[in-house]
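Descriptive analysis of the structure
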Amino acid sequence: SQQGEEDPQALSIQEGENATMNCSYKTSINNLQWYRQNSGRGLVHLILIRSNEREKHSGRLRVTLDTSKKSSSLLITASRAADTASYFCATAKYSGGGADGLTFGKGTHLIIQP
Amino acid sequence: GAGVSQSPRYKVAKRGQDVALRCDPISGHVSLFWYQQALGQGPEFLTYFQNEAQLDKSGLPSDRFFAERPEGSVSTLKIQRTQQEDSAVYLCASSFFSGVIYNEQFFGPGTRLTVL
């Protein structure tokens, strides 16, 4: 079953604007990751934030994590047409077995209008 | 080097047929994962291998689904007696397992299975 819920389900903005999408999850986590998926490149890892971190940056991406609210947000600044894709948050629970399958949300479909 | 590859990219099966989906992980990656992605949904975890050991198969939806990785490299996901609800994209991912630190998973392009 899906762990998280992304919000909004769909988002359409103009090129150059910022895009913000949110993710909520249900259980305790070791880390939270954001992935992008489009038809051209498949599912690609964007950024990982650990449960003891509150904010992380990578290029035009900014991720926040609030473990008390079990929520995360992904901000894409200065959006480009190439950012058009579906964005998923995924959580991993380190159970001590070495690695865990990821639990994905349903995704936010982002459209950047030129 | 090369990324994760999967074959076939597309598979059409008649209901009741058996299918086998192949995954070639990135060389040296110890961990291998299978996911199922239905249309409009996020991927759902099926099973996980560390080398040849299948450590977690909690996500396999029924006993018609079987996965193996006999030599700790290539993996095959087999679905017996396919049903229409098995229609989905099957994604394979691999990662380098360092023992404690969780590592990024690299995904293949997926196999789109359509069951008629």
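Residues numbered from 1 in each chain as written. Chains lettered and ligands numbered in written order. Predicted model: local features only at pLDDT ≥ 70, side-chain atom pairs only at ≥ 80, totals over all residues. Heavy atoms only, no water.

A short note on the sheet that holds strand β1 (residues 5-7) of chain A
Residue and element names in this part refer to chain A. Stated precisely, the cut-off is as follows: In this description, strands pair whenever DSSP reports at least two bridges between them. In this description a helix means any DSSP run of H or I spanning at least four residues, a strand means any run of E spanning at least two, and both kinds are numbered starting from the N terminus. Geometry is summarised by axes, namely lines fitted to C-alpha atoms with helices restricted to the contacting stretch, and by angles between N-to-C directions that run from 0 to 180 degrees.
One open sheet holds the 5 strands; their spatial order is β1-β3-β8-β7-β6, and the pairing between them is antiparallel. In the strand order of this sheet, the two ends are held by β1 and β6 (55-58), each with one partner. Ignoring which end each strand starts from, the neighbouring axes of this sheet average 15 degrees apart. When strand β7 (residues 61-66) meets strand β8 (residues 71-76), the two strands line up antiparallel, connected through 6 bridges.

Observations regarding the pattern of salt bridges
Residue and element names in this part refer to chain B. Heads up, the condition is: Just to be clear on terms, a salt bridge is a Lys or Arg side-chain nitrogen sitting within 4 Å of an Asp or Glu carboxyl oxygen. Exposure categories follow from relative accessible area, calculated using a 1.4 Å probe and restricted to protein chains: below 20% of the type maximum is buried, above 50% is exposed, and the middle band is partly exposed.
For the coordinates displayed, the defined rule picks out 5 salt bridges over all chains. When the shortest N-O distance is used, the salt bridge between aspartate 86 and arginine 64 registers 2.8 Å. With a gap of 22 residues between them, aspartate 86 in the loop between β8 (75-79) and β9 (88-95) and arginine 64 in the loop between β6 (53-56) and β7 (65-68) connect regions that are remote in the sequence. Like arginine 64, aspartate 86 is buried.

Focus on the pairing of β8(B)
Residues and elements named next belong to chain B. For β8, the tally of buried residues reaches 4 of 5 residues, placing the bulk of the element in the interior. Pairing between strand β3 (residues 19-24) and β8: 5 bridges, direction antiparallel. Counterpart to arginine 22 in the pairing with β8 is threonine 76. Bridge count between β7 and β8: 4 bridges; the pairing is antiparallel. Residue pairing in the sheet places phenylalanine 65 in a bridge with isoleucine 79 of β8. The hairpin formed by β7 and β8 contains 6 residues between the paired strands, and glycine 72 there has a positive phi angle of roughly 75 degrees.

Comments concerning the sheet that holds β7(B)
Strand pairing within a sheet occurs via backbone hydrogen bonds; the two strands may be parallel or antiparallel. Residues and elements named next belong to chain B. The 4 strands lie next to each other as β1-β3-β8-β7, forming an open sheet whose pairing is antiparallel. Taken across any chain shown, the strands that pair with only one partner, and hence form the sheet edges, are β1 (5-7) and β7. In this sheet, adjacent strand axes meet at a mean angle of 15 degrees when their direction is disregarded.

Observations concerning the nonpolar core
How we decide: Residues belong to one nonpolar core when they are buried, are Ala, Val, Leu, Ile, Met, Phe, Trp, Tyr or Cys, and are joined through side-chain atoms within 4.5 Å. The contact criterion used is simple: two residues touch if any of their non-hydrogen atoms lie within 4.5 Å.
Membership of the largest hydrophobic core comes to 21 residues, with the highest contact counts inside it found for Met21(A), Leu32(A), Trp34(A), Leu74(A), Ile76(A), Tyr87(A) and Leu110(A). Mapped by element, the contributors of at least two residues to this core are β3 (19-24), β4 (31-38), β5 (42-50), β7, β8, β9 (85-92) and β11 (108-113) of chain A. Not counting residues up to four positions away in its chain, the partners in contact with Met21(A) are Asp7(A), Pro8(A), Trp34(A), Ser72(A), Ser73(A), Leu74(A), Ile76(A), Tyr87(A), Thr108(A) and Leu110(A). Counting residues in each nonpolar core, the second largest holds 20 residues, with Ala13(B), Leu46(B), Ala88(B) and Cys92(B) among its members.

Details of the pairing of β9(A)
Residue and element names in this part refer to chain A. With 8 of its 8 residues buried, β9 lies for the most part within the structure. Burial along β9 is two-sided: the face carrying Ala85, Tyr87, Cys89 and Thr91 and the face carrying Ser86, Phe88, Ala90 and Ala92 are both buried. Where β4 and β9 come together, 7 bridges link them in antiparallel fashion. Residue glutamine 33 lies in a different strand from β9, and its bridge partner there is alanine 90. Where β9 and β11 come together, 3 bridges link them in antiparallel fashion.

Thoughts on the state of the cysteines
Put plainly, two cysteines are in a disulfide when a covalent bond ties their sulfur atoms together. Under the convention used in this document: Count a disulfide wherever a pair of cysteine sulfur atoms falls within 2.5 Å.
By the definition in use, this model includes 2 disulfides over all chains. Bridging Cys23(A) to Cys89(A), the disulfide has an S-S length of 1.9 Å. Judged by the torsion about the S-S bond (65 degrees), the Cys23(A)/Cys89(A) disulfide is right-handed. Taken together, the positions of Cys23(A) in strand β3 and Cys89(A) in strand β9 put the pair 66 residues apart, joining distant regions of the chain. Each member of the pair, Cys23(A) together with Cys89(A), is buried. Across the disulfide, Cys23(B) is cross-linked to Cys92(B) (sulfur-sulfur distance 1.8 Å). Its torsion about the S-S bond being -65 degrees, the disulfide of Cys23(B) and Cys92(B) is classed as left-handed. In this pair, Cys23(B) sits in strand β3 while Cys92(B) sits in strand β9, placing the two residues 69 residues apart along the sequence. Under the relative-accessibility criterion, Cys23(B) is labelled buried at 0%.

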